[in-house]
Amino acid sequence: MTKQEQTNNPHDICSWRPVSECQDCAIAGCLKCRYNPGDLLHFIGLFLSAFIPALIGMILSGYGWYLLGWFGLAVIFFGFWEIRILCSHCPYYAKKGTTLHCIANYGCPKFWEYHPEPISTPEKIQLFIGFTIMCGYPFPFLILGKQFILLFLAVWGLLMFWWTLQKYTCSQCVNFSCPLNRVAKEIVDQYLMRNPVMRKAWEESGWEVSESFSPEIFF
Ligand code: SF4
Ligand code: SF4
């Protein structure tokens, strides 16, 4: 590894090592484990399909000024709160730098240090509270403003957002301890075996790594 790569990857996370090191990886192709702009665009497109109807609906309802409250909450949640309770545990967060380079919250600030251990139960509860506030905020305004078509489109967009995210992202995401994550334990263990800093933190939290792996189950 070059000095520059070591500097950018202080926790020696495989997702930030040279791609040539992926050649002998037993789980290559199973995970969204390397930054890919296409994955980021997919996430942004999904998000907009729910956000745009809600945004238009709030404006047409006459509650446009209340968007400031939503945006303020978004700054707090995506800038500080979610980043600490969710993202600071993610391998994408481990890269050196002041902003996130990942497939969802790209560009968010990194005020916290990297936490290689799994997300705790209180953090998971906070995450669901935060998601509920952020997703639910516009709906009372759409109902009060009788914008039922846009309400339907926003609910549909939100359902599609979460369903698609679960099926195509959470099933391959490297933030394995997120409560929405759906990666099989065998794959998680293989990733941990390639990442000693994470493995140590996970084992100290009680996780047991099994080194047996049957690729034919997954390929
Ligand atoms: S798990 Fe790590 S080593 Fe394997 S393909 Fe992904 S980034 Fe490469
Ligand atoms: S948890 Fe998701 S949003 Fe946060 S750093 Fe990891 S990939 Fe990005």
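It should be emphasised that the depicted structure is a prediction, and the values quoted were computed from it without experimental measurement. (Residues numbered from 1 in each chain as written. Chains lettered and ligands numbered in written order. Predicted model: local features only at pLDDT ≥ 70, side-chain atom pairs only at ≥ 80, totals over all residues. Heavy atoms only, no water.)

Draft legend 1. How the structure looks around the packing of aromatic side chains. Counted according to the given criterion, the structure contains 20 aromatic pairs. On the basis of an interplanar angle of 10 degrees and a centroid distance of 5.2 Å, the ring pair of F80 and F111 is categorised as stacked. Here F80, found in helix α3 (residues 67–85), pairs with F111, found in the loop between α3 and α4 (121–136); they are 31 residues apart in sequence, far enough to count as distant. Using a relative accessible area of 39% as the deciding quantity, one classes F80 as partly exposed. Take F111: its relative accessible area is 53%, and that puts it in the exposed class. Residues Y137 and F141 carry aromatic rings whose centres are separated by 5.4 Å and whose planes lie at 45 degrees to one another, so their mutual orientation is tilted. There is no split in this pair, since Y137 and F141 are both buried. An aromatic cluster is present here, built from F47, F51, Y63, Y66, W70, F71, Y137 and F141 joined pairwise through their rings. (Phe/Tyr/Trp six-rings, centres within 6.5 Å; stacked < 30°, edge-to-face > 60°. Helix = DSSP H or I, 4+ residues; strand = E, 2+ residues; numbered from the N terminus. Buried < 20%, exposed > 50% of the residue type's maximum accessible area, 1.4 Å probe, protein only.)

Draft legend 2. Molecular detail of the packing of helix α2 (residues 37–60) against helix α6 (residues 148–170). The N-to-C vectors of α2 and α6 enclose an angle of 165 degrees; their axes lie 8 Å apart at closest approach. Relative to α6, the element α2 is oriented roughly antiparallel. In the crossing of α2 with α6, the sense of the turn from one axis to the other is left-handed. Of the residues in α6, those in contact with H42, F43, L46, F47, S49, A50, P53, A54, I56, G57 and L60 of α2 are L150, L153, A154, G157, L158, M160, F161, T164, L165, Y168 and T169. Across the contact of α2 with α6, the residue classes break down as 16 nonpolar, 6 polar and no charged. (Axes fitted to C-alpha atoms, helices over the stretch in contact; angles between N-to-C directions. Parallel < 35°, antiparallel > 145°, perpendicular 65-115°, else oblique. Left-handed = near helix turned anticlockwise from the far one by under 90°. Contact = heavy atoms within 4.5 Å. Nonpolar A, V, L, I, M, F, W, Y, C, P; charged D, E, K, R; others polar.)

Draft legend 3. Structural detail: unusual backbone geometry. One non-glycine residue, D12, lies in positive phi territory at about 50 degrees. Assignment of secondary structure puts D12 in the loop between α1 (3–8) and α2.

Draft legend 4. Structural context of the site of ligand 1. Taken together, C14, S15, C22, C25, I27, A28, C33, R34, Y191 and R194 make up the full set of residues adjacent to ligand 1. Given that more than half its atoms are within 2 Å of the pocket grid, ligand 1 belongs to the second largest pocket. Residue composition of the shell around ligand 1, grouped by class: 7 nonpolar, 1 polar and 2 charged. (Near = heavy atom within 4 Å. 1 Å grid on protein atoms, 1.4 Å probe; cavity = no way out; pocket = protein on both sides within 12 Å on 5 of 7 lines; lining within 4 Å. Sits in = over half its atoms within 2 Å of the grid points.)

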